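Inside the fold
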Amino acid sequence: MSLLTRLFGKTASRKDEVQSYTLPADTEHIQSLEEPARPDDEQVLKSALDAHDFASVARLVIEGSSTRVRQLAAQAVEEPDLLRRLARDTRGGKDKSVYRILRQKCDALLAQERKTRQMEEAIEARCASLERHCKRHYDELFTPTLDHFAADWKTLEPQASDTTIARAQQAIARGREVIAQHLDKVSTQAAQAAAAAHAAAQAEQERAQQQEAEALAAAAEAAQRESEEEARAEHQAAQAHAIGQLSSLMRKAGAALRDGSTARAAGLRRAIEEKVQSSPPLPAHLASQLQQLDSRLNELKDWKDYAAAPKRTQLIEAMKALVGSKDAPDDLAAEIRRLQDDWKTISKGVAADTEADWQQFHQAAQTAYQPCREHFEALARQRQENLERRLALVARLGAFEAGHDWEHADWPLVATALRDSRQEWRSHSPVDRAAGRAAQDDFDVIVQRLQERLRGEYAKNIADKQSLIARAQQALAGEDSRKAIEEVKHLQQRWKAAGLVPREENERLWQEFRQHCDAVFQKRQQEHVQYSASLEGNKAKAIALCEDVERIATLAGQELTEGVKELPRLQEAFGALGELPNSHARDLQRRMERALDECESSIARERAQNEKRSWRDLFEAANEVRAYRLAVTESKDTGEPDALKQAAEQYIATVPRWPKGGLQAINAALARASVDDIAANEAALRTLCIRAEILTGMPTPQSDQALRKDYQLKRLMERMGRGSGSDVDALDKLVLEWVAVGASRPDVYQELRDRFASCQPGMAIAAALQYNS
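Now for a quick tour of the structure. (Residues numbered from 1 in each chain as written. Predicted model: local features only at pLDDT ≥ 70, side-chain atom pairs only at ≥ 80, totals over all residues. Heavy atoms only, no water.)

To continue, consider the packing of aromatic side chains. Applying the stated criterion to the full structure yields 10 aromatic pairs. Between Trp 406 and Trp 411 the ring centres are 5.7 Å apart and the planes differ by 45 degrees, which places this aromatic pair in the tilted class. We classify Trp 411 as buried; its relative accessible area is 15%. A ring pair is formed by Trp 425 and Phe 443, whose centres lie 4.1 Å apart and whose planes are at 10 degrees; its orientation type is stacked. (Phe/Tyr/Trp six-rings, centres within 6.5 Å; stacked < 30°, edge-to-face > 60°. Buried < 20%, exposed > 50% of the residue type's maximum accessible area, 1.4 Å probe, protein only.)

Spelled out as structure tokens, the structure:
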């Protein structure tokens, strides 16, 4: 858009010029080429469509009074045969649009029929493929092929006929029967093979068992013979050993009698008696030695009976004193055993009859021991119950081990089970050592197996956590702290999801892992502080740059021109600052944009002022030239024109800036030194005012209405048959033509210049003209 277009705004189009002019009578015969439709045809078409009278609609396609009616009728036809007939009837006619509509609808019908026919052929082909396939013998491709054909049929089935659907379903069912028969056959063959293999294995097992039984019987017979031989040898050796032991015991008993130890001698005599019962008959010399030993032992016992009687009485009294004792059962039992041991000690080697004393002592012991008996029976029941609970715990722990899914083990549950089992096992104490040994062994075996599994899981989890520690250490060494933070957060989630580790080891690993993680976060914190400082620095620089641009926006004249040269550098420096604080980035960006907008506004104002000044200078120079040429035309004094010409040249030399083509127009006007036709020049200026009024839509004074109509008619005749020219070019030419007009009277020039200025109030030319006024 040129400067003049911006000055005058929207220009009046050629259509406006034509509308502002009334055609003469001799041009009223020009009519529109479009024949108007009869109102009754549109009503007939509407009635025919409502009544579904397509014969009438077809008639309107051919005989409709207007193109619109024929096109609407053609759009309403849907019957294929009727469409084809109408397309043939309208082919080659003048109404191409109706034929094109009918042809398009026929093509659409043909495409639909072709698509339907292709669909039917595809359906028939797929159904035939299913029927052929289901007549084949079964092979390894039978099932996937049938599935493929059935899947394809599912996509075509909604468009198929009922007969074709029935055929396809029957073929698919037949294919399923073939597959089922094959599976039955395969299962039967497999069952037969399995039965034969089982029978062969059973026969082989029976033969092996028979051979093993025969070997065992032969081995047992040989072992029995060997055992009998060994038994005879051992019996002979035992007899010899027994005779030797009896001889040794007799020598020891004789030595005890010589030492006066009746109890020891009596004990050895009882041992000799036990050996005699299970030994062969004694040799004669041993039998004689035994008689002598018995005689000497009886003599010594008779002498000791006299000394032991008072001691037995004391023990009986002491035992009776324990009846009803309030001592603890364990202490009471220990005291009773001590008294019984003393009784045994004094009774050794005594030959007198002490049965009555023994009964009193024994009865008192039984009575005194009754609380102990009840206490120890309760302890026995408790030990039995503890044993039963331990057995139940072993069973539960074994069931837990057998029933646990070790492929997806719940290791916390396993660790809890082990810990609770050990605690519960210790709580079920005491138990009889002999009876509880088997249960202890079973418990230890199960616990050992579970512990081994748990140790394996511990080792794997320790390795996983050590790997996480290594990755955390690598993250600390990385350059991208943001990525390192994300990695550490991910590793922390992985750490939480890691499996069990022993408490002490887990605490040690956690401290090491946490140390690396804390270091990563501290590094990120330090970088954040540095980053915040850089943001604040960028903010200060951005504020300084905004202030520089805002300062430039307040300049004017040459200072503004010089300041504008700095804008690219300031704008580039602002863009190169990098990141700004989020809370200020948008405000600073908007501040810079506002400052740049203010600079653009200042530049635009400066340019507008320069343009206004240039147009003012142009018209002032034109006025100077007009005065010079008026002097040339009217003055007889040659000095006056030369002075006016020199004044005009001096003014032209002082103008710093001219509109486009203005200087050339002024110089050309100044160079023409011939005498002007003042009346013609004033008529030209008046015509330029009329043209400006037409272009800007301003009214023309009544006195010049006839001139305006003549000009419009002339322009209409010139433009008929040609494309319209550019209004922009007309405006540029209009202004330059005004400047090029020669001498005119001052009062007429002033009047016409005011009319010219009023065509577009507020624009630069009008302002310049009014300023000159």
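Let us look at the nonpolar core. Within the largest apolar cluster, 30 residues are counted, with the highest numbers of intra-cluster contacts made by Trp 658, Ile 666, Leu 685, Trp 738 and Phe 756. Sorting the residues of this core by element identifies α20 (582-634), α21 (639-654), α22 (662-671), α23 (678-696), α25 (727-740) and α26 (746-758) as the ones contributing at least two each. Sorting elements by how many residues they give to this core places α20 first, with seven residues. Apart from residues no more than four positions distant in its own chain, Trp 658 is found in contact with Ser 614, Asp 617, Leu 618, Ala 621, Ile 652, Leu 663 and Ile 666. Core analysis: the next-biggest nonpolar cluster, separate from the first, contains 19 residues, Leu 397, Ala 439, Leu 454 and Tyr 458 among them. (Core = buried A, V, L, I, M, F, W, Y, C linked by side-chain atoms within 4.5 Å. Helix = DSSP H or I, 4+ residues; strand = E, 2+ residues; numbered from the N terminus. Contact = heavy atoms within 4.5 Å.)

Attention shifts here to the pattern of salt bridges. A pair can form between side chains of opposite charge whenever their charged atoms are brought close. Enumeration over the complete set of coordinates arrives at 34 salt bridges. Between Arg 167 and Glu 124 there is a salt bridge; the shortest N-O distance is 3.3 Å. With Arg 167 in helix α9 (residues 162-259) and Glu 124 in helix α7 (residues 96-133), this pair connects stretches of sequence that are 43 residues apart. (Salt bridge = Lys/Arg side-chain N within 4 Å of Asp/Glu carboxyl O.)

All right, on to a negative patch on the surface then. On the surface, Glu 226, Glu 228, Glu 229, Glu 230 and Glu 234 cluster together into a patch of negative charge. Looking at the secondary structure, you find Glu 228 in helix α9. Of the residues examined, Glu 228 reaches a relative accessible area of 42% and is grouped as partly exposed. (Patch = residues over 30% accessible without salt bridge, like charges linked within 9 Å, V, L, I, M, F, W, Y side chains within 5 Å. Areas by Shrake-Rupley, 256 points an atom, 1.4 Å probe, with all protein chains shown as cover. Lys, Arg positive; Asp, Glu negative; His and termini not counted. Charge placed at Lys NZ, Arg CZ, Asp CG, Glu CD.)

These figures come from the coordinates and say nothing about function on their own.
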